[in-house]
Amino acid sequence: MKTNDMNQVAVHAIFILLAAFCLIPFVLLFMSSVSSESSIVNNGYSFWPKEFSLEAYTYLWSQKSAMFNSYGITILITLIGTFVGLLISALLAYPLSRRDLPMRGILSFLVFFTLLFNGGLVPTYLIYTEVFNMKNTLMALIVPGLLTNGFFILLIRTFFANSIPVQIIESAYIDGASEFKIFYRMVLPLSLPILATIGLMLTINYWNDWFNGLIYITEPQLFSIQNLLNRMLVNIQFLQQNNLGGQNMAVNLPMNAVRMAMAVVGILPLILIYPFFQKYFVKGLTIGAVK
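Cut-offs used in this document
Residues numbered from 1 in each chain as written. Predicted model: local features only at pLDDT ≥ 70, side-chain atom pairs only at ≥ 80, totals over all residues. Heavy atoms only, no water. Helix = DSSP H or I, 4+ residues; strand = E, 2+ residues; numbered from the N terminus. Buried < 20%, exposed > 50% of the residue type's maximum accessible area, 1.4 Å probe, protein only. Contact = heavy atoms within 4.5 Å. Areas by Shrake-Rupley, 256 points an atom, 1.4 Å probe, with all protein chains shown as cover. Patch = residues over 30% accessible without salt bridge, like charges linked within 9 Å, V, L, I, M, F, W, Y side chains within 5 Å. Salt bridge = Lys/Arg side-chain N within 4 Å of Asp/Glu carboxyl O. Phe/Tyr/Trp six-rings, centres within 6.5 Å; stacked < 30°, edge-to-face > 60°. Axes fitted to C-alpha atoms, helices over the stretch in contact; angles between N-to-C directions. Parallel < 35°, antiparallel > 145°, perpendicular 65-115°, else oblique. Nonpolar A, V, L, I, M, F, W, Y, C, P; charged D, E, K, R; others polar. 1 Å grid on protein atoms, 1.4 Å probe; cavity = no way out; pocket = protein on both sides within 12 Å on 5 of 7 lines; lining within 4 Å. Points joined across faces, edges and corners; volume = space filled by probe spheres on them. Core = buried A, V, L, I, M, F, W, Y, C linked by side-chain atoms within 4.5 Å. pLDDT = per-residue confidence, 0-100.

> Give me the lowdown on the overall build of the protein chain, citing residues and values where you can.
For the protein chain, the count of helices and strands is 14 helices and 0 strands. Shown N-terminal to C-terminal, the secondary structure of the protein chain runs as helices and strands in the order α-α-α-α-α-α-α-α-α-α-α-α-α-α. By residue count, 37% of the 291 residues in the protein chain fall in the buried class. The contacts in the protein chain between residues at least 6 apart in sequence include a share of 72% that link residues at least 24 apart. Surface accessibility of the protein chain: about 17300 Å² in total, with carbon and sulfur atoms responsible for 69%.

Okay, structure coming up:
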């Protein structure tokens, strides 16, 4: 076997091994979710359960009304937040990528400054609840800390500056195109890799967020899926740890299996959509991160 062939085999073997390390936790997660509670307690988590059981998913299905509502809330805020956040980030990054923008350095520093400092939890909570009246609204799940951030803006700005030829913009000016038309008709179509990358990051952030719901939401009909699963888990723990009238109401609930089933329910949609973004992810992130 030639040296190049051996090197290629070694590289493939390494990547297969790394892929296996990434997949093994998900396999263990799913197998644990279909294990009986007694099997987990007696034998621990395993890749092949001693006793299969769907008790955890049966329990989650018993809460299907609340879960479907929470899934709807999560899908809604994810779609709106990703679209609006991506639009705001691109609209701010584009002028920052233009070398003829006045005070470009100062504005870029202000964006970078937001990565280092923030107002703190208490002032932020007071601003959003007392000034903007966002408590118990969908806006509370979309805006605070998620809509955009300096890191995304700087990534997109760097991509625009390094990957969009200046000659294309200048030729569009000569043809009489406006700034908005250049941005919409020329810059955005050429920036699909970085837009898909940032869009995926925003989607993950919105889908996995539970902190905003914990802080700003108290009405059950506005719970996102992550908040609902977290509160269900807390309720089970409370019932197991407290005897009411001498009887434990949650003694038969599959606590450990339910935890794993909740993780599967929460992460499954992201696993399904990731392959559609994968081809853009590495290219957009590496090009956008070049200084």
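> Before we move on, can you summarise a nonpolar patch on the surface with the specific residues and values?
Together, Val11, Ile14, Phe15, Leu17, Leu18, Phe21, Leu23, Ile24, Phe26, Val27, Phe47 and Ile271 line one region of the surface with nonpolar side chains, adding up to about 1100 Å² of accessible area. Note on placement: Phe15 falls in helix α1 (residues 3-33). Taking relative accessible area as the criterion, Phe15 reaches 56% and is therefore assigned exposed.

> Before we move on, could you go through the packing of aromatic side chains and cite the residues and values that matter?
For any pair of aromatic rings, geometry is given as the distance between the ring centres together with the angle between the planes. According to the stated counting rule, one finds 13 aromatic pairs in the structure shown. Consider the rings of Phe113 and Phe117, whose centres lie 4.9 Å apart with planes at 35 degrees: the pair is tilted. Considering the side-chain rings of Tyr125 and Tyr216, the 5.7 Å spacing of their centres and the 15 degrees angle between planes classify their relative orientation as stacked. Here Tyr125, found in helix α6 (residues 121-131), pairs with Tyr216, found in helix α12 (residues 211-216); they are 91 residues apart in sequence, far enough to count as distant. The exposure class of Tyr125 is partly exposed, given its relative accessible area of 24%. Accessibility expressed as a relative area gives 3% for Tyr216, which makes it buried. Here the aromatic cluster, defined as three or more aromatic residues joined through ring pairs, consists of Tyr125, Tyr128, Phe132 and Tyr216.

> Outline the packing of helix α10 (residues 179-190) against helix α11 (residues 192-208), supporting the account with residue identities and numerical values.
Where α10 meets α11, the closest approach of the two axes is 5 Å, and the angle between their N-to-C directions is 75 degrees. Judged on the interaxial angle alone, α11 and α10 are roughly perpendicular. Within the contact between the two elements, α10 uses Leu188, Pro189 and Leu190 and α11 uses Leu192, Pro193 and Leu195. Of the residues in the contact of α10 with α11, the class split is 6 nonpolar, no polar and no charged.

> Before we move on, can you summarise the layout of surface pockets with the specific residues and values?
Considered as a void within the structure, the largest pocket measures approximately 570 Å³ in volume. Mapped onto the lining of the largest pocket, the elements with two or more residues apiece are α5 (104-116), α6 and α12. The class makeup of the residues in the lining of the largest pocket is 8 nonpolar, 10 polar and 1 charged.

> Go over the packing of helix α3 (residues 55-62) against helix α4 (residues 64-97), please, and point to the residues and values.
Two elements in contact, α3 and α4, have axes whose closest approach is 5 Å; the angle formed by their N-to-C orientations is 75 degrees. The orientation of α3 with respect to α4, classified from their angle, is roughly perpendicular. Residues Leu60, Trp61 and Ser62 of α3 touch α4, and the partners they reach there are Lys64, Met67 and Phe68. Taken together, the residues of the contact of α3 with α4 break down into 4 nonpolar, 1 polar and 1 charged.

> Tell me about the nonpolar core, and name the residues and values.
Residues Leu60, Phe160 and Ile198 are the most contacted members of the largest nonpolar core, which totals 59 residues. Residue contributions to this core peak at 9 residues, all from α4. When residues no more than four places from it in sequence are discounted, the contact partners of Phe160 are Ala90, Ala93, Tyr94, Ser97, Phe183, Val187 and Ser191.

> Quick one: what's the story with the confidence of the model for the protein chain, residue by residue and with numbers?
Confidence in the prediction for the protein chain averages 83 pLDDT; 89% of positions are at 70 or higher. At the low end of the mean pLDDT range in the protein chain sits helix α14 (residues 255-288), at 72; at the high end sits helix α7 (residues 139-142), at 92.

> Account for the pattern of salt bridges, naming residues and giving values.
Summed over all chains, the structure comprises 2 salt bridges. Its salt-bridge partner being Arg98, residue Asp100 comes within 3.6 Å of it at the nearest N-O pair. The exposure class of Asp100 is exposed, given its relative accessible area of 55%. Here Arg98 and Glu179 are joined by a salt bridge, their closest N and O atoms 3.1 Å apart. With Arg98 in the loop between α4 and α5 and Glu179 in helix α10, this pair connects stretches of sequence that are 81 residues apart. Under the relative-accessibility criterion, Glu179 is labelled partly exposed at 34%. Taken together, the salt bridges that share partners define one network made up of Arg98, Asp100 and Glu179.

> I'd like to hear about the side chain of Ser35, residue by residue, with values.
Mapped onto the secondary structure, Ser35 falls in the loop between α1 and α2 (37-43). Ser35 sits in the buried class, given a relative accessible area of 5%.

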